[in-house]
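Observations on chain architecture
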Amino acid sequence: MSATGFSEGSNSPTKARERTASGVTRLIRTQHVARPRRHLLLYFLLKTSEGRERLMRAVQYSLRLYIWLVTRRRPARATKASLQGSRTARLLFAVSVLSTTRKVLALFEFLRPLAELRKHAESPAPPLTPLATTTSVRMTPDSQGPFALRLAETWLSLLLSVFDDVECFGRLGLLARPYSDRAARLADVAWLGLSVLGLWQVQGERGETWRRGRLIRRQMIDGEVEARASMEQAAADGDLDDELRFELERFELERIRRSRAMLRNLRDRLSWLWWERARLLGDLVFAFYEVFELQSGSEGIRALSGCLSSWIGARQVWSDARISVSQRSR
C-alpha cells in the first residue's frame, strides 16, 4: 500500500488501460441515437414507387377486410340494392379508387425489369462451383440455380408489369374490356409464379443462413479453445506477464464481439426471411384463388391473405426507410 492509499498495481499500464477501456465502453453504451421522425419516413416512402404501392395496398386491403367483416355480420344488407348510398357502398368505391390509383401510379414500371434483364445480359455468366453442381439450390451469387431463379423472377416481373398496365388501360376506358380481363388473368398467373419463386428463394436462403450461423458458432468455440491453450502454454513457459495477458484477453474479447455481431445480423436476417415467407404465402393464397377462381370462402380468404401480405410489405418498406433516413442524417 502506497502513501496515497492506492495499491502499487493500480498505477500499472495494464490497470490504466482497463480503466480507460471501461470508461469508453460506458460512454458508447449510453450514447443516444436519435430516431428519424415519422413524417420524414412517410415523405421518404411516398417519394418511392415501392413505398407508395405498398402503403396504398395496405389501406386498400384493410378496407376490403373491413367490408367483408361488416357484410358477414349483417348478411341481409349485403345485397346490391341495399348497398346503394350506404357506408359500405362508399367504402367499396374507395377500394376501387385506391386500386385504380395504384395501377395508374405503377404505369410503365416494366422499364425496371427491362433494366434488370439488360444487366443480366451484359454480365458474364457466373462460373460453375461445387455448390452449383449439387442437387440442392443454394442462395449464393456464384451458383447457377439462383441466377436462373433471378432471371425467371425478372421475366415474370416484366410480364406482371405489362399485364397490369394493359388492365389499367382497360379500367380507364382506353382498351376493350375483353382484352383487359384477359390481361388481368395473365397478371394473376404471373403473380402466382412470382410467389412460388420467392418462396423457393426464401427457403434456400434460410438454409444458407442457418449453415453460416452454425459455422460461426463452431469457429467461436474453436477460437476459445485455441486462446485458452495459448494462455496455458505461455503460463507454462513463464512468459505470461500482465502485458501479454491483457493483449490476449483484449484480442479474445474483440473476436467474441465480432462473432456476436455476425450472429446478431444473421438472426435479424432470419427474422426478415420469416416475415418475407409469411408475405409470400399471403400472396400465394390470394393469387391461387384468383387464378383458379375458387368460390369456397373466396372473399374472406382473399381479404385476409391480401391484408396480411400488404401490411407485412408495408412494415418491410417502413423499416427500410427508417434505416435509410438514419444513415442519411448522420
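If you check an unreviewed UniProt entry, the protein chain appears there as Peroxisomal biogenesis factor 11 from Mixia osmundae. Taken directly from UniProt, the Subcellular location (unreviewed entry) text for the protein chain runs: "Peroxisome membrane".

1. Concerning the pattern of salt bridges
Scanning all chains against the criterion turns up 16 salt bridges. One salt bridge in this structure joins R269 and E205, with 2.3 Å as the shortest N-O distance. Taken together, the residues span a long stretch of sequence, with R269 in helix α9 (residues 242-292) and E205 in helix α8 (residues 177-237) at a distance of 64 residues. Judged by relative accessible area, which is 32%, R269 ranks as partly exposed. Linking R279 and E276 is a salt bridge whose minimum nitrogen-to-oxygen distance equals 2.6 Å. In this pair, R279 and E276 both sit in helix α9, three residues apart, roughly one turn of the helix. Exposure remark for R279: the relative accessible area of 13% places this residue in the buried category. Residue classification places E276 among the buried residues on the basis of a relative accessible area of 10%.

2. Things to note about α8
Compared with an ideal rise of 1.5 Å per residue, which puts 61 residues at 90 Å, α8 spans 88 Å between its outermost C-alpha atoms and is within 8% of the ideal. Once α8 ends, the next one or two residues include G238, with phi positive near 80°.

3. A short note on helix α5 (residues 87-105)
Helix length check: α5 (19 residues) gives 27 Å between terminal C-alpha atoms against 27 Å at 1.5 Å per residue, within 8%. Within the span of α5, buried status applies to T88, L91, V95, L98, S99, T100, R102 and K103.

4. Observations regarding the packing of aromatic side chains
In this structure the tally under the stated criterion is four aromatic pairs. Note on W191 and F286: the rings are 5.4 Å apart at their centroids and 45° apart in plane angle, and the pair reads as tilted. Of this pair, W191 sits in helix α8 while F286 sits in helix α9, placing them 95 residues apart in sequence. In this structure, W191 and F286 share a single accessibility class: buried. Relative to W275, the ring of W274 has its centre 5.1 Å away and its plane inclined at 85°; by these criteria the two rings are edge-to-face. W274 sits in the partly exposed class, given a relative accessible area of 44%.

5. A look at the packing of helix α2 (residues 38-47) against helix α3 (residues 49-73)
Orientation of α2 relative to α3, taken along the N-to-C sense of each, is 105°, at an axis distance of 5 Å. With respect to their mutual orientation, α2 and α3 come out roughly perpendicular. Only S49, G51, R52 and L55 of α3 make contact with α2, whose side of the interface consists of L42, L45, L46 and K47. Taken together, the residues of the contact of α2 with α3 sort by class into four nonpolar, two polar and two charged.

6. Observations concerning the side chain of S259
The residue S259 is located in helix α9 in this model. With residues up to four places along the chain from it excluded, the contact list for S259 reads I216 and M220.

7. Side note on the side chain of S99
Take S99: it is sitting in helix α5. Given a relative accessible area of 7%, S99 falls into the buried group. Engagement of the side chain of S99 in a polar contact is seen with the side chain of R171, the distance being 2.7 Å. Ignoring anything within four residues of it in the chain, the contact list for S99 reads Q60 and R171.

8. Some words on the nonpolar core
Most often, soluble globular proteins keep nonpolar side chains buried together rather than apart. L65, L160 and W191 are the most contacted members of the largest nonpolar core, which totals 14 residues. Listing elements by their share of this core, those giving two or more residues are α3, α8, α9 and α10 (298-328). No other element matches α8, which puts five residues into this core. Beyond its immediate sequence surroundings of up to four residues, L65 is in contact with A303, L304 and C307. Formed by nine residues, the second largest nonpolar core is a distinct cluster that contains L41, A58, V317 and A321.

The rules behind each value
- Residues numbered from 1 in each chain as written.
- Predicted model: local features only at pLDDT ≥ 70, side-chain atom pairs only at ≥ 80, totals over all residues.
- Heavy atoms only, no water.
- UniProt positions renumbered as here; feature names shortened; annotations may be inferred.
- Salt bridge = Lys/Arg side-chain N within 4 Å of Asp/Glu carboxyl O.
- Helix = DSSP H or I, 4+ residues; strand = E, 2+ residues; numbered from the N terminus.
- Buried < 20%, exposed > 50% of the residue type's maximum accessible area, 1.4 Å probe, protein only.
- Expected span 1.5 Å × (residues − 1).
- Phe/Tyr/Trp six-rings, centres within 6.5 Å; stacked < 30°, edge-to-face > 60°.
- Axes fitted to C-alpha atoms, helices over the stretch in contact; angles between N-to-C directions.
- Parallel < 35°, antiparallel > 145°, perpendicular 65-115°, else oblique.
- Contact = heavy atoms within 4.5 Å.
- Nonpolar A, V, L, I, M, F, W, Y, C, P; charged D, E, K, R; others polar.
- Polar contact = N/O pair within 3.5 Å; in protein donor to acceptor, adjacent residues only side chain to side chain.
- Core = buried A, V, L, I, M, F, W, Y, C linked by side-chain atoms within 4.5 Å.

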